[in-house]
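# Working through the structure, step by step
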Amino acid sequence: MAWKIALAGIGKIARDQHVPSIAASRDFDLAATVTRHEGVDGVENHADIEAMLAARPDIEVVSLCLPPVPRFEYAAAAIKAGRHVMLEKPPGATLAECHALEAMARNAGVSIYATWHSREAASVEAARNWLADKRLKSLKITWLEDVRRWHPGQEWIWEPGGLGVFDPGINALSILTRILPTPVHLAGATLKFPENRQTPIAADLAFRHPDGAEVSAVFDWRKEGDQFWNIEAETDRGTMELSDGGANLSIDGAMVEASDVALEGEYPNLYMRMAEILRTGGIDMDLSPMVHVADAFLLGKREIVAPFHE
Ligand code: NAP
């Protein structure tokens, strides 16, 4: 049996990943979309979430691909209407609203899943397994990309709650919180805000590790040319490099796990996991990547940098 699912927020990630992943899934049938603009060919569309929920009581699951700020109202409406909910990353605009959604889902007896697609990258589990029995000396995240290439025309990323460079940076933090055997917490940060924008274009983060390992991250949206999404770790028994956003893994300089295509398999895995959660009636709301982002905004020094224009 396949669950009927509705997809809300038909933008870049919905079209690139969610629609094809649902089409390829035996667990879900795309029964409706919710978007104020163009929907998906051949699929019933509603401009409004409440209208969709009222018109389609047969739809059991709602997957939300909106930007973080409008997501809460959609999720709350879906839960109130007794539907299971799947959330794009980050699961909300604030931690408190994510906790509220989880409590609402528990009370309503529905499932909720805060997805972290980068955790599904091909080599993340291998990196986690390799690190599991080693003593970490240092770990450095380098996430350098060109915002003009990856987010053309997306104004919401520059608005309050849009996260700026933490929109991709939280993907690195979702991997960090998955692969480290012991959790770290933020100890300091510098956030670089273009003088004409509300969210940072770059950030440097330093973390405290319980055994004193040096753990840091550099996020920068001003990188032209080659793009880097790497995590390098040094341990008492060798070094590891997780590259291409978690797709590839090298140990002591030798490639051990390799995947050609960025994002390949990530979204199909998220929908497989959602199906598992629905079968067991579970809730999966791991907010640990978002805690680091919230802490960076709480603790970070603010630097003003050159204005950003598209
Ligand atoms: P996008 O292209 O801007 O699409 C977002 C969609 O949400 C819009 O098409 C819009 O559709 C809808 N929406 C509803 N209310 C909105 C509002 N108040 N402001 C703006 N849009 C609103 O964004 P995206 O890149 O798909 O990203 C959406 C989410 O997916 C983000 O949380 C992002 O972090 C995550 N994500 C993106 C990527 C990526 O490669 N782009 C990768 C992984 C995850 P209507 O106006 O038609 O309703």
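Residues numbered from 1 in each chain as written. Predicted model: local features only at pLDDT ≥ 70, side-chain atom pairs only at ≥ 80, totals over all residues. Heavy atoms only, no water.

The name recorded for the chain in an unreviewed UniProt entry is Gfo/Idh/MocA family oxidoreductase, from Pseudohoeflea suaedae.

### Observations concerning the sheet that holds strand β10 (residues 214-220)
Pairing in this open sheet of 9 strands is mixed, and the strands run β14-β13-β12-β11-β7-β10-β9-β8-β15 from one edge to the other. Two strands close off the open sheet at either side, each with one partner strand: β14 (254-257) and β15 (301-305). Shown here is a sheet whose adjacent strand axes are inclined to one another by a mean of 15°, direction ignored. Taken together, the 5 bridges between strand β8 (residues 185-194) and β15 define a ladder with parallel strand orientation. Counted as the bridge partner of F193 is I304 from β15. Strands β7 (136-144), β11 (228-235), β12 (238-243), β13 (248-251) and β14 of the sheet are contacted by helix α5 (residues 124-131), whose axis makes an angle of about 165° with β12. (Pairing = 2+ DSSP bridges. Helix = DSSP H or I, 4+ residues; strand = E, 2+ residues; numbered from the N terminus. Axes fitted to C-alpha atoms, helices over the stretch in contact; angles between N-to-C directions. Contact = heavy atoms within 4.5 Å.)

### Thoughts on the domain arrangement of the chain
Looking at the chain, the domain boundaries give domain 1 (3-114) and domain 2 (121-259 + 294-305). Each partner contributes to the interface: domain 1 provides 7 residues, whereas domain 2 provides 10 residues. Counting each side, the surface lost to burial between domain 1 and domain 2 is near 640 Å², with a carbon and sulfur contribution of 70%. Between the two partners, domain 1 and domain 2, sit 1 salt bridge. Across the contact surface, domain 1 and domain 2 share 1 residue pair in polar contact (both at pLDDT 80 or more). (Domains from an automatic or database assignment. Buried area = accessible area lost by both parts, 1.4 Å probe. Salt bridge = Lys/Arg side-chain N within 4 Å of Asp/Glu carboxyl O. Polar contact = N/O pair within 3.5 Å; in protein donor to acceptor, adjacent residues only side chain to side chain.)

### As for the nonpolar core
Of all hydrophobic cores here, the largest spans 78 residues; its most connected members are I141, F166, L205, F219 and M240. When residues of this core are sorted by domain, at least three fall in each of domain 1 (3-114) and domain 2 (121-259 + 294-305). With residues up to four places along the chain from it excluded, the contact list for L205 reads F166, L173, L186, G188, A189, V215, S216, A217, F219 and A296. Counting 21 residues, the second-largest nonpolar core is a separate cluster that includes I5, F28, Y113 and L278. (Core = buried A, V, L, I, M, F, W, Y, C linked by side-chain atoms within 4.5 Å. Buried < 20%, exposed > 50% of the residue type's maximum accessible area, 1.4 Å probe, protein only.)

### A look at the layout of surface pockets
The computed volume of the largest pocket comes to approximately 1,200 Å³. If you go around the largest pocket, you meet 41 residues; those closest to its centre are K12, I13, H151, Q154 and D167. Counting only elements with at least two residues in the lining of the largest pocket, the list comes to α1 (12-24), α3 (68-80), α7 (166-179) and α8 (266-280). When residues of the lining of the largest pocket are assigned to their parent elements, the largest contribution, 5 residues, is made by α1. Each of domain 1 (3-114) and domain 2 (121-259 + 294-305) contributes no fewer than three residues to the lining of the largest pocket. (1 Å grid on protein atoms, 1.4 Å probe; cavity = no way out; pocket = protein on both sides within 12 Å on 5 of 7 lines; lining within 4 Å. Points joined across faces, edges and corners; volume = space filled by probe spheres on them.)

### Side note on the site of the ligand
Looking at the ligand, there are 22 residues lining it, with T35, R36, H37, R71 and D167 nearest. A distance of 2.7 Å is found between an oxygen atom of the ligand and a side-chain nitrogen or oxygen belonging to R36. Residue Q154 places a side-chain N or O atom 2.9 Å away from an oxygen atom belonging to the ligand. In isolation the ligand exposes 860 Å². Once the protein is present, 83% of that is buried. (Near = heavy atom within 4 Å. Areas by Shrake-Rupley, 256 points an atom, 1.4 Å probe, with all protein chains shown as cover.)

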